[in-house]
Amino acid sequence: MAEPISKIRRVEKTEEQIKQDKMTAIKDQIATDDVAFMEILELVKSLHQAGALEMLNSALKAKEDIATTFLNEARKEPATNAINNLMISSKLLTETKPEQTEQLLAGLANAQAKANESLKDDATLGLFGLARAMKDPDVNRALRYGLAFLKGVGQELK
């Protein structure tokens, strides 16, 4: 009959064995994904040749100084104004329907083209010419839109 086990011996790997196991795992991974590994090497080589790798390493070493400078600049009034204006503008963009924005931008592009075209004509626009232009349905529509726009802005300026 066999003797009972009275002592358990734990097999522990040495530092050298652990390093060897890790190197074997890395080699196996490289052999499996050799194309991806070669692309990473090419990327690092390109970054090094362009000087970007050195720049990134320097930026990482100076990350605390960069963060301090960034935060100090972000606290200044022009930066806070820009951030606040961006937030207000984003609110306007979220409340406006995309179709309206698209229509307005198309109208602006068309208006710019027409305005550039009108620069070729040196004729003076008199009071009667202005009155005749107001009878044009497109001009009249734009004037009504513009007046309503100005009224809306004026109401908010109270």
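These remarks concern the structure in this document. Computed from a predicted model, the values in this text were never measured in an experiment. (Residues numbered from 1 in each chain as written. Predicted model: local features only at pLDDT ≥ 70, side-chain atom pairs only at ≥ 80, totals over all residues. Heavy atoms only, no water.)

**Remarks on the overall build of the protein**
Thinking step 1. The secondary structure content of the protein amounts to eight helices and zero strands.
Thinking step 2. In the protein, the succession of helices and strands from N to C terminus is α-α-α-α-α-α-α-α.
Thinking step 3. Since a compact globule built from 158 residues should have a radius of gyration of about 15 Å, the 35 Å found for the protein marks it as more spread out than a globular shape.
Thinking step 4. Counting over 158 residues, the protein shows a buried share of 1%.
Thinking step 5. Looking at the protein as shown, the accessible area adds up to about 15,500 Å², and 61% of this sits on carbon and sulfur atoms.
Thinking step 6. Charge separation in the protein, taken as the distance between the mean sites of 22 positive and 24 negative side-chain charges, equals 6 Å. (Helix = DSSP H or I, 4+ residues; strand = E, 2+ residues; numbered from the N terminus. Rg over C-alpha atoms; globule rule 2.2 N^0.38 Å. Buried < 20%, exposed > 50% of the residue type's maximum accessible area, 1.4 Å probe, protein only. Areas by Shrake-Rupley, 256 points an atom, 1.4 Å probe, with all protein chains shown as cover. Lys, Arg positive; Asp, Glu negative; His and termini not counted. Charge placed at Lys NZ, Arg CZ, Asp CG, Glu CD.)

**Concerning the packing of helix α7 (residues 127–135) against helix α8 (residues 137–156)**
Thinking step 1. Packing of α7 against α8 leaves a shortest axis separation of 5 Å and a crossing angle of 90 degrees. By the angle class used here, α7 and α8 are roughly perpendicular. Together, Ala133, Met134 and Lys135 of α7 and Pro137, Val139, Asn140 and Leu143 of α8 make up the contact between the two elements.
Thinking step 2. Each residue belonging to the contact of α7 with α8 can be placed in one class, and the counts come to five nonpolar, one polar and one charged. (Axes fitted to C-alpha atoms, helices over the stretch in contact; angles between N-to-C directions. Parallel < 35°, antiparallel > 145°, perpendicular 65-115°, else oblique. Contact = heavy atoms within 4.5 Å. Nonpolar A, V, L, I, M, F, W, Y, C, P; charged D, E, K, R; others polar.)

**Remarks on the layout of surface pockets**
Thinking step 1. Each pocket or cavity is described by its volume, and for the largest pocket that value is around 1,300 Å³.
Thinking step 2. The wall of the largest pocket is formed by 26 residues, among which Gly107, Ala111, Asp138, Val139 and Ala142 lie closest to the centre.
Thinking step 3. Going through the elements one at a time, α5 (77–95), α6 (98–118) and α8 are the ones with two or more residues in the lining of the largest pocket.
Thinking step 4. It is α6 that contributes the most residues to the lining of the largest pocket, eleven residues altogether. (1 Å grid on protein atoms, 1.4 Å probe; cavity = no way out; pocket = protein on both sides within 12 Å on 5 of 7 lines; lining within 4 Å. Points joined across faces, edges and corners; volume = space filled by probe spheres on them.)

**Focus: a nonpolar patch on the surface**
Thinking step 1. A surface patch of nonpolar side chains, amounting to about 980 Å² of accessible area, comprises Leu104, Leu105, Leu108, Tyr145, Leu147, Phe149, Leu150, Val153 and Leu157.
Thinking step 2. When residues in the nonpolar patch are grouped by element, the largest group, five residues, is from α8.
Thinking step 3. The residue leucine 147 is located in helix α8 in this model. (Patch = residues over 30% accessible without salt bridge, like charges linked within 9 Å, V, L, I, M, F, W, Y side chains within 5 Å. Salt bridge = Lys/Arg side-chain N within 4 Å of Asp/Glu carboxyl O.)

**Looking at the pattern of salt bridges**
Thinking step 1. One pass over the structure, following the stated rule, counts three salt bridges.
Thinking step 2. The closest approach of N and O atoms between lysine 13 and aspartate 21, which form a salt bridge, is 2.5 Å.
Thinking step 3. Residue classification places aspartate 21 among the partly exposed residues on the basis of a relative accessible area of 38%.
Thinking step 4. A salt bridge links lysine 76 to glutamate 73, with the shortest nitrogen-to-oxygen separation between them at 3.0 Å.
Thinking step 5. With a relative accessible area of 43%, lysine 76 lands in the partly exposed category.

**Details of the environment of threonine 94**
Thinking step 1. Looking at where threonine 94 falls in the secondary structure, it is placed in helix α5.
Thinking step 2. With 64 residues separating them along the chain, threonine 94 and isoleucine 30 place their C-alpha atoms 48 Å apart.

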